[in-house]
Every structure is written in structure tokens, then in C-alpha cells.
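Chain by chain, the residues:
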Amino acid sequence: MRVITGSARGRKLTTLEGLDVRPTTDKVKESLFNIVQFDVPDSRVLDLFAGSGQLGIEALSRGAASAVFVDSSARAIQVVGDNLEHTGLLDRASLKHMGAQQFLSGSAGPFDLAFLDPPYRKQILPQILPLLADKMSEDGVMVCETAAEETLPETAGNFALAREYRYGKIKLSVYRKREGTD
């Protein structure tokens, strides 16, 4: 696993070990960043369910202003910190060791770009997306990675499912603000 492009291009990232760990493949990560490429520069990023932090690190490498990494695993937060230090991006990052719901219940935000890659097939996102929608900026974008067969809600707060992309067994779902909402 490596940073694809930007200031940390080519830097290898450490990942967690174990059967529950499922890092985003380079192919899917590259496709994801092609989808949001114009949303990244100077953005405030949230990497929820951060794992190794590779999505938020990729965004920072590509010019995001800042990133918050949230994970309920202390080991994951340690790996994210190590990866940020290795890539030289730690100064624009904030690490939060807590659950997604707890984090979103606080005063965090607003975010311009949010990545959500929770454990597959646990039906976590239907509860999390409405909470996150309240923390997004006016032009914010929420991107969810799930198993291809998982169904996500059509709307979340003032956001609507704009498009889905399938890559074999993986699906990316992109939410943007609904027209006519304030």
C-alpha cells in the first residue's frame, strides 16, 4: 500500500494486520480520487473509520488543507500516526481515538470531504450518514466504500446519493447536497 500521487507520492504505508482489516486497493483508491479530484485542494477532510489512514493521507498528499482521522481502535490510531509521520503530513492532521458516532455527536466540522470505510456488512452507515450530513460544508462530499451488495439510503439529511461506482466486490457511493436545500 502506497501514496499514489502528490507531495508524499510513492511513500509506503503501514497497515493493520488481521482478518478484519481490508485496506482499499490502489485501483479503487485511484478511482475514488479521480471522482473527487476537484474537491480535494484546500479541503477539510474527515477520514472516518480511518484504519491505516490511507484515504486521508492521500487527500493531504494531493493538497487538502487538513484531515481528521477517527477510529475506535487504539492500534489503528497508532498506525495512522506512524504513517502521517512517515509521509511528513502530521502537521496538517488530527487523530481521534473514538467511535464514529461519539465523534459526530461532538462539535467537529464542518468538513468539505468525508471518507467512510466502515467494516463491511454491519449496517453502520445508515445511522452514521445523517449525523455526518450535519457536519458537512455547503459543497461537501461524502464518499462511502462498502461491499457491492450493500444498500445505502438514498438521502442523509440534506445530502442525496449522487452516484454509485462498482469495482468487482466493492462499491463507492457518493453523496452531495440535495438541490434546493439550505
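Residues numbered from 1 in each chain as written. Predicted model: local features only at pLDDT ≥ 70, side-chain atom pairs only at ≥ 80, totals over all residues. Heavy atoms only, no water.

### Focus on the side chain of S137
Next, step 1: Residue placement: S137 occurs in strand β5 (residues 136-147).
Next, step 2: In contact with S137, not counting residues within four places along its chain, are R44, P110, F111, D112 and F159. (Helix = DSSP H or I, 4+ residues; strand = E, 2+ residues; numbered from the N terminus. Contact = heavy atoms within 4.5 Å.)

### Brief notes about the nonpolar core
Next, step 1: Of all hydrophobic cores here, the largest spans 32 residues; its most connected members are L32, F33, V36, F69, F115, V143 and L172.
Next, step 2: Listing elements by their share of this core, those giving two or more residues are α1 (26-35), α2 (54-61), β2 (66-71), α3 (74-87), β4 (111-116), β5, β7 (159-167) and β8 (170-177).
Next, step 3: Residues L46, L116, M136 and L161 belong to the second largest nonpolar core, which totals 24 residues. (Core = buried A, V, L, I, M, F, W, Y, C linked by side-chain atoms within 4.5 Å. Buried < 20%, exposed > 50% of the residue type's maximum accessible area, 1.4 Å probe, protein only.)

### Points about the environment of N158
Next, step 1: By the secondary structure assignment, N158 is in the loop between β6 (155-156) and β7.
Next, step 2: A residue is classified by how much of its surface remains accessible, and N158, at 29% relative accessible area, is partly exposed.
Next, step 3: Each C-alpha atom of the pair N158 and M142 lies 12 Å from the other, and the pair is 16 residues apart in sequence.

### Focus on the packing of α1 against α2
Next, step 1: Remark: α1 packs on α2, axes separated minimally by 11 Å, with the N-to-C direction vectors making an angle of 50°. Put simply, α1 runs oblique to α2. α1 and α2 meet at a crossing whose hand is right-handed. Listed contacts from α2 to K29, L32 and F33 of α1 are Q54, L55, E58 and A59.
Next, step 2: The class makeup of the residues in the contact of α1 with α2 is four nonpolar, one polar and two charged. (Axes fitted to C-alpha atoms, helices over the stretch in contact; angles between N-to-C directions. Parallel < 35°, antiparallel > 145°, perpendicular 65-115°, else oblique. Left-handed = near helix turned anticlockwise from the far one by under 90°. Nonpolar A, V, L, I, M, F, W, Y, C, P; charged D, E, K, R; others polar.)

### Quick notes on the sheet that holds β5
Next, step 1: Ordered in space as β3-β2-β1-β4-β5-β8-β7-β6, the eight strands form an open sheet in which the pairing is mixed. If you trace the sheet from one side to the other, it starts and ends with β3 (93-97) and β6, each paired once.
Next, step 2: Two strands pair when backbone bridges link them, and β4 and β5 are joined in this way by five bridges, in the parallel orientation. Note that in β5 the partner of A114 across the bridge is M142. (Pairing = 2+ DSSP bridges.)

### Notes on α3
Next, step 1: Over its 14 residues, α3 extends 20 Å from the first C-alpha to the last, a length consistent with the 20 Å expected when each residue adds 1.5 Å.
Next, step 2: If you check which residues of α3 are buried, you get A76, I77, V79, V80, G81, N83, L84 and T87.
Next, step 3: Where α3 is buried, its residues meet α2, β2 and β3.
Next, step 4: The backbone nitrogen of R75 has a side-chain oxygen 3.3 Å away, supplied by the residue at the start of α3, namely S73.
Next, step 5: Backbone geometry just downstream of α3 places G88 in the positive-phi region, at approximately 75°. (Expected span 1.5 Å × (residues − 1). Polar contact = N/O pair within 3.5 Å; in protein donor to acceptor, adjacent residues only side chain to side chain.)

### Considering α2
Next, step 1: Where burial is concerned, most of α2 is hidden: eight out of the eight residues are buried.
Next, step 2: Buried residues of α2: Q54, L55, G56, I57, E58, A59, L60 and S61, and no others.
Next, step 3: Its buried side turned inward, α2 meets α1, β1 (44-48), β2, α3, β3 and β4.

So far we have only geometry, and geometry alone does not tell us how the molecule works.
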